[in-house]
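# Inside the fold
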Amino acid sequence: MDGDFRHDFVREPGSLKHNPALVLNADYRPLSYLPLSLWTWQEAVKAAFLDRVTILSEYEQVVRSPTMEIRIPSVVVLKDYVKPQKKVAFTRFNLFLRDEFCCQYCGARGELTFDHVVPRAHGGVTSWENVVAACSPCNLRKGSQWLHKSGMSLRKPPGQPSVGQLMNAGRKFPPNHLHDSWIDFLYWDAELER
């Protein structure tokens, strides 16, 4: 992606830059794809010690205490299934994810804002069905005009996404860091190369 807006939007805590663990639900799917469900190595070690997860893969590095030594987990699976949310929260990030981080008027990527299709000045509400991702030039060009009067059109009609739709959209945007041990768990149902 040019401008790679989403990496600026989703800031990684410094502790996730060193040996993060991919967290899988009990069904061996990531809890989320974007942002990718990751724990710091400290959280993964603590969960393993408390017997809340099963370690599927490990880094070469070890951590030691006075009484034990453990290799740092790179992939863990929860022992108890976490039921996914049924309804997607209406957040700025989820809106951009639904619209695949591109302007819904011109298709530009990069610096994005959001736009009310039916302007608030004309009674438009802030909802999944009325708000889209837009680049600044398109947002300024449309202003508070009705869509048909602005001479612009939408690439696709806005609507509330399902959890599955957002998960699939998130898979199109791999994170900055992908450890080799994660690939099988992130793309297990992707089409195989011939």
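So, here is what we can say about the structure in this document. Note that this is a predicted model, so its numbers are computed, not measured.

Criteria and cut-off values
Residues numbered from 1 in each chain as written. Predicted model: local features only at pLDDT ≥ 70, side-chain atom pairs only at ≥ 80, totals over all residues. Heavy atoms only, no water. Buried < 20%, exposed > 50% of the residue type's maximum accessible area, 1.4 Å probe, protein only. Helix = DSSP H or I, 4+ residues; strand = E, 2+ residues; numbered from the N terminus. Pairing = 2+ DSSP bridges. Core = buried A, V, L, I, M, F, W, Y, C linked by side-chain atoms within 4.5 Å. Contact = heavy atoms within 4.5 Å. Axes fitted to C-alpha atoms, helices over the stretch in contact; angles between N-to-C directions.

Turning our eyes to something else, we now look at the pairing of strand β4 (residues 69-78). When you tally the buried positions in β4, you get eight out of 10 residues, the bulk of the element. The sheet contact formed by strand β3 (residues 53-64) and β4 spans eight bridges and is antiparallel. For V63, the partnering residue across the bridge sits in β4 and is I70. Once β3 ends, the chain turns through four residues before running back antiparallel as β4.

What follows concerns the nonpolar core. Of all hydrophobic cores here, the largest spans 22 residues; its most connected members are L97, F101, C103, Y105, L112 and C138. Taken together, the elements giving at least two residues each to this core come down to α3 (92-98), β6 (131-135) and α6 (163-170). Residue contributions to this core peak at five residues, all from β6. Every residue in contact with C138, bar those within four places of it in the chain, is listed here: C103, Y105, C106 and M152.

We now examine the sheet that holds strand β1 (residues 21-24). An order of β2-β1-β4-β3 is seen for the four strands of this open sheet, with the pairing classed as mixed. Both outer strands of the open sheet, β2 (38-39) and β3, are each paired with one neighbouring strand and no more. In the packing of helix α2 (residues 41-49) onto the sheet, contacts are made with β1, β2, β3 and β4, and the angle to β3 comes to roughly 120°.

Notably, Y28 is not glycine yet its phi reads approximately 70°, a positive angle. Relative to the helices and strands, Y28 is located in the loop between β1 and β2. Residue Y28 is classed as partly exposed on the basis of its relative accessible area, which comes to 40%. Even without being glycine, F101 reaches a positive phi, approximately 55°. Positionally, F101 belongs in the loop between α3 and β5 (112-116).

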